[in-house]
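Commentary on secondary and tertiary structure
Here's the letter readout for the chains.
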Amino acid sequence: DAGVTQSPTHLIKTRGQQVTLRCSPKSGHDTVSWYQQALGQGPQFIFQYYEEEERQRGNFPDRFSGHQFPNYSSELNVNALLLGDSALYLCASSLISGAGEKLFFGSGTQLSVL
Amino acid sequence: GQQVMQIPQYQHVQEGEDFTTYCNSSTTLSNIQWYKQRPGGHPVFLIQLVKSGEVKKQKRLTFQFGEAKKNSSLHITATQTTDVGTYFCAGDLNQAGTALIFGKGTTLSVSS
């Protein structure tokens, strides 16, 4: 049973470029959340996708966008990259339930913006 | 905005000593979750607390949820080198479990 898989593991971009990160959720999970984790900080919620719709969004600019596909996999797109976007991007999958979904995290994509 | 604060930021202990990290929310939480992130790794779910005053134990780890559902703690008895990592609490503001708000974490180091 595969866990959450993310690709690529590492990425180096320059300011102004665009990037797409990918995530496949744990088998049986229908919800994908994206988090940004800066060095020495806790994960910060970007957005969550369920049934191919953005269900909730954190305090991130419109440069951050996403998509969920019918097979529940998801993409995170960041446009017009800034130096401050350098971080570990974590995808977490879960199963929608009545209360408190447990998140299963992938290993993340380390993005460096130069 | 809603915040989840954790203290201390760092803690170093000798193997065998106890360790406690505290988590406080500015708002009442629906539930709280705890995660552990090993160096270079990703957060791994440890436990979820839902009820006011709830206490749960996992071997040497004891988790508590405050009566007002605004604070929580994780206590490790007799630390081992395998306990090294960063412990995050994550507060959930609503029943549907969306948008967990993570604290900045407490990084535990253990020397033998």
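The structure this text deals with has already been given above.
Here the structure is a predicted model, which means the values were calculated and not measured.

Conventions we followed
Residues numbered from 1 in each chain as written. Chains lettered and ligands numbered in written order. Predicted model: local features only at pLDDT ≥ 70, side-chain atom pairs only at ≥ 80, totals over all residues. Heavy atoms only, no water. Helix = DSSP H or I, 4+ residues; strand = E, 2+ residues; numbered from the N terminus. Rg over C-alpha atoms; globule rule 2.2 N^0.38 Å. Contact = heavy atoms within 4.5 Å. Areas by Shrake-Rupley, 256 points an atom, 1.4 Å probe, with all protein chains shown as cover. Lys, Arg positive; Asp, Glu negative; His and termini not counted. Charge placed at Lys NZ, Arg CZ, Asp CG, Glu CD. Salt bridge = Lys/Arg side-chain N within 4 Å of Asp/Glu carboxyl O. Buried < 20%, exposed > 50% of the residue type's maximum accessible area, 1.4 Å probe, protein only.

With respect to the overall build of chain B
Each helix and strand in chain B was counted, giving zero helices and 11 strands. Mapped in sequence order, the helices and strands of chain B form the string β-β-β-β-β-β-β-β-β-β-β. Here chain B has a C-alpha radius of gyration of 13 Å; the compact-globule value for 112 residues is 13 Å, and the two agree. Dimensions of chain B, computed from the C-alpha atoms along their principal axes, are close to 40 × 25 × 20 Å. In chain B, of all internal contacts separated by at least 6 residues, the share reaching a separation of at least 24 is 54%. Looking at chain B as shown, the accessible area adds up to about 5300 Å², and 51% of this sits on carbon and sulfur atoms. Positive and negative side-chain charges of chain B, numbering 10 and 7 respectively, have mean locations separated by a distance of 6 Å.

Some remarks on the pattern of salt bridges
Residues and elements named next belong to chain B. Evaluation of the coordinates by the stated rule reveals five salt bridges over all chains. For glutamate 54, the salt bridge goes to lysine 56, with nearest N and O atoms at 3.8 Å. On the accessibility criterion, glutamate 54 (16% relative accessible area) is buried. We note a salt bridge from aspartate 83 to arginine 60, for which the minimum N-O separation is 2.9 Å. With aspartate 83 in the loop between strand 8 (71–76) and strand 9 (85–92) and arginine 60 in the loop between strand 6 (55–58) and strand 7 (61–65), this pair connects stretches of sequence that are 23 residues apart.

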